[in-house]
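Each chain, letter by letter, is given below.
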Amino acid sequence: MTDAHVVILPGDGIGPEVLESAILVLQKAAQMGSIDLRLEHGWIGGSALDLCGEPIFPETLQACKEAHAVLLGAVGGPKWENNPGHLRPEAGLLQLRKEMGVYANLRPVVARPALAPFTPYRPEILQGVDLLMVRELTGGIYFGEKGRDPDSAFDVCRYHRHEIERIARVAGRLAQQRRKKLCSIDKANVMETSRLWRQVVTEVMEREFPDVQLEHVLVDAAAMYLTLKPAQFDVLLTENMFGDILSDQASTLAGSLGLLPSASLGEQLGLYEPIHGSAPDIAGRGIANPIGTILSVAMMLRLSLHQPDLADAVERAVEKVLATGPLTPDLERYHPSHTRELTTRVCSALGAE
Ligand code: IPM
Ligand code: MG
């Protein structure tokens, strides 16, 4: 039996609902793979603020650094919207990412033919869309010095060479395992950080990944091409904030933000979360789409728990359910399914593997 210690961070809004689903799938997979699963709950976001006045419990942070993997729902909500920056729910997530050292955020986006009618795109635009966003996650403007006085405010964007080198290596390795195409996105016509980014990415790729075809695209143009010709992209490499924005945009290709998983990796630790937010408007109604979180479990099985076969099995189970429907109301307009019902169907498809 392999031992797996996973910290569960439900967070706010729909976070607890999608995590409930993901845990059921993880438990089912663990049973199938004879994994001795130890789940430990922790507190982050608004729910942590309400309980202890801090956006993440210190004990939770410590547990996350000691676990094999961390699975997170979502953080944030209107209740804490007017809190000062360091006491917002998001501050807990940023601190967690930084302290876990998970600098490489992987966000795969696939367009499934069966879901094309739920997207705003023509089917031919979506044909062959299978891309991977590699977002730098612990640097840039998210973590630079910030300041505010009554009439002005600033956020500093700084990147160090070593931060760009290590994320470029992750993207290079992933491109080698895929279609060997890397598109690095920046704003080098305006920003100094982007000019350093472009230079360092070029150096790393020429030196260490000569077999990968590299192109540089400005972020504004990249946003347009993601809509006009999304199938041309394989791996997209980008800094923290551009990656945040473009990954939500790219999710429209899949059909719903609720479908997209992510893995955030460092040298050892792994943090897994859907890319969507806490969706306070639908929280507590049992209609949140759990697929992004379930697919994050698959990424966890593959990348942190070293169970590639189980990861494939979870992904196949999800594909079966997505192909047959009915799905949650973010996709399905008439006679939608509920979170729990959809989860039961994924679990039985997984059991039938
Ligand atoms: C994401 C989210 C977070 C981010 C928020 C909740 C801080 O939007 O993971 O994409 O901006 O990174
Ligand atoms: Mg985001």
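Throughout what follows, the structure given in this document is the object of discussion. None of the values given here were measured: they were computed from a predicted structure.

## Considerations on the site of ligand 1
So, step 1. In the vicinity of ligand 1, the contacting residues are Glu-90, Arg-97, Arg-107, Arg-135, Tyr-142 and Asp-244.
So, step 2. Contacts to ligand 1 include Arg-135, whose side-chain N or O atom sits 2.8 Å from an oxygen atom.
So, step 3. Side-chain polar atom of Asp-244 to an oxygen atom of ligand 1: 2.8 Å apart, as the coordinates give it.
So, step 4. Considering ligand 1 on its own, with 320 Å² of exposed area, one finds that the protein chains cover 80% of that surface.

## Here we look at the packing of helix H11 (residues 308–324) against helix H12 (residues 339–351)
So, step 1. Packing of H11 against H12 leaves a shortest axis separation of 8 Å and a crossing angle of 125°. The pairing of H11 with H12 is recorded here as oblique in orientation. The two elements H11 and H12 meet at a crossing, and its hand is right-handed. Taking contact as the criterion, the partners of Ala-313, Val-314, Ala-317, Val-318, Lys-320 and Val-321 in H11 are, on H12, Leu-342, Arg-345, Val-346, Ala-349 and Leu-350.
So, step 2. Residues belonging to the contact of H11 with H12 are distributed by class as follows: 9 nonpolar, no polar and 2 charged.

## Section: the pattern of salt bridges
So, step 1. Within the structure shown, the criterion is met by 24 salt bridges.
So, step 2. One salt bridge in this structure joins Arg-97 and Glu-273, with 3.2 Å as the shortest N-O distance. Highlighted residues: Arg-97 in helix H4 (residues 89–100) and Glu-273 in the loop between strand S12 (270–272) and helix H10 (291–303), separated in sequence by 176 residues.
So, step 3. Owing to a relative accessible area of 5%, Arg-97 belongs among the buried residues under this scheme.

## What to know about the nonpolar core
So, step 1. In this structure, Leu-71, Val-134, Leu-237, Leu-253 and Leu-301 are the most contacted members of the largest nonpolar core, which totals 89 residues.
So, step 2. For this core, the two domains that each supply at least three residues are domain 1 (1–110 + 256–353) and domain 2 (120–130 + 152–254).
So, step 3. Excluding its chain neighbours within four sequence positions, the residues that come into contact with Val-134 are Asn-105, Leu-106, Ile-167, Val-170, Ala-171, Leu-174, Val-235, Leu-236, Leu-237 and Thr-238.
So, step 4. Residues Leu-61, Cys-64, Val-75 and Leu-269 belong to the second largest nonpolar core, which totals 17 residues.

## Considering the sheet that holds strand S1 (residues 2–11)
Pairing between the strands of a sheet comes from backbone hydrogen bonds, and it takes one of two forms, parallel or antiparallel.
So, step 1. An order of S2-S1-S3-S12-S11-S4-S5-S10-S8-S9 is seen for the 10 strands of this open sheet, with the pairing classed as mixed. Whereas interior strands pair on both sides, the edge strands pair on one side only; in this sheet they are strand S2 (35–41) and strand S9 (213–218). Neighbour-to-neighbour, the strand axes of the sheet open up by a mean angle of 25°, direction not taken into account.
So, step 2. Looking at chain direction, strand S4 (residues 104–110) and strand S11 (residues 263–265) are connected through 3 bridges and run antiparallel. Paired with Ala-104 across the bridge in S11 is Leu-265.
So, step 3. Those strands touched by helix H3 (residues 58–66) are S1, S2 and strand S3 (69–74), and its axis lies near 145° from that of S1.
So, step 4. Here H10 sits on the sheet in contact with S1, S2, S3, S4, S11 and S12, set at roughly 170° to S3.

## Here we look at the environment of Arg-198
So, step 1. Assignment of secondary structure puts Arg-198 in helix H7 (residues 192–208).
So, step 2. As for Arg-198 and Phe-242, which are separated by 44 residues in sequence, their C-alpha atoms are 14 Å apart.
So, step 3. Setting aside its immediate chain neighbours within four residues, Arg-198 contacts Asp-186, Ala-188, His-216, Val-217 and Leu-218.
So, step 4. Within the structure, the side chain of Arg-198 is placed 2.9 Å from the side chain of Asp-186, a separation counted as a polar contact.

## Quick look at H12
So, step 1. Look at H12: 18 Å from first C-alpha to last across 13 residues, which is about the 18 Å you get at 1.5 Å a residue.
So, step 2. Residues of H12 that are buried include every one of Thr-339, Leu-342, Thr-343, Val-346, Cys-347, Ala-349 and Leu-350, and no others. For H12, the angular spread of buried residues about the axis comes to 160°, placing them on one side. More than 90 degrees from the buried face of H12, the exposed residues found are Arg-340 and Thr-344.
So, step 3. On its buried side, H12 packs onto helix H1 (15–32), H10 and H11.

Cut-offs applied
Residues numbered from 1 in each chain as written. Chains lettered and ligands numbered in written order. Predicted model: local features only at pLDDT ≥ 70, side-chain atom pairs only at ≥ 80, totals over all residues. Heavy atoms only, no water. Near = heavy atom within 4 Å. Polar contact = N/O pair within 3.5 Å; in protein donor to acceptor, adjacent residues only side chain to side chain. Areas by Shrake-Rupley, 256 points an atom, 1.4 Å probe, with all protein chains shown as cover. Axes fitted to C-alpha atoms, helices over the stretch in contact; angles between N-to-C directions. Helix = DSSP H or I, 4+ residues; strand = E, 2+ residues; numbered from the N terminus. Parallel < 35°, antiparallel > 145°, perpendicular 65-115°, else oblique. Left-handed = near helix turned anticlockwise from the far one by under 90°. Contact = heavy atoms within 4.5 Å. Nonpolar A, V, L, I, M, F, W, Y, C, P; charged D, E, K, R; others polar. Salt bridge = Lys/Arg side-chain N within 4 Å of Asp/Glu carboxyl O. Buried < 20%, exposed > 50% of the residue type's maximum accessible area, 1.4 Å probe, protein only. Core = buried A, V, L, I, M, F, W, Y, C linked by side-chain atoms within 4.5 Å. Domains from an automatic or database assignment. Pairing = 2+ DSSP bridges. Expected span 1.5 Å × (residues − 1). Arc of directions from axis to C-beta.

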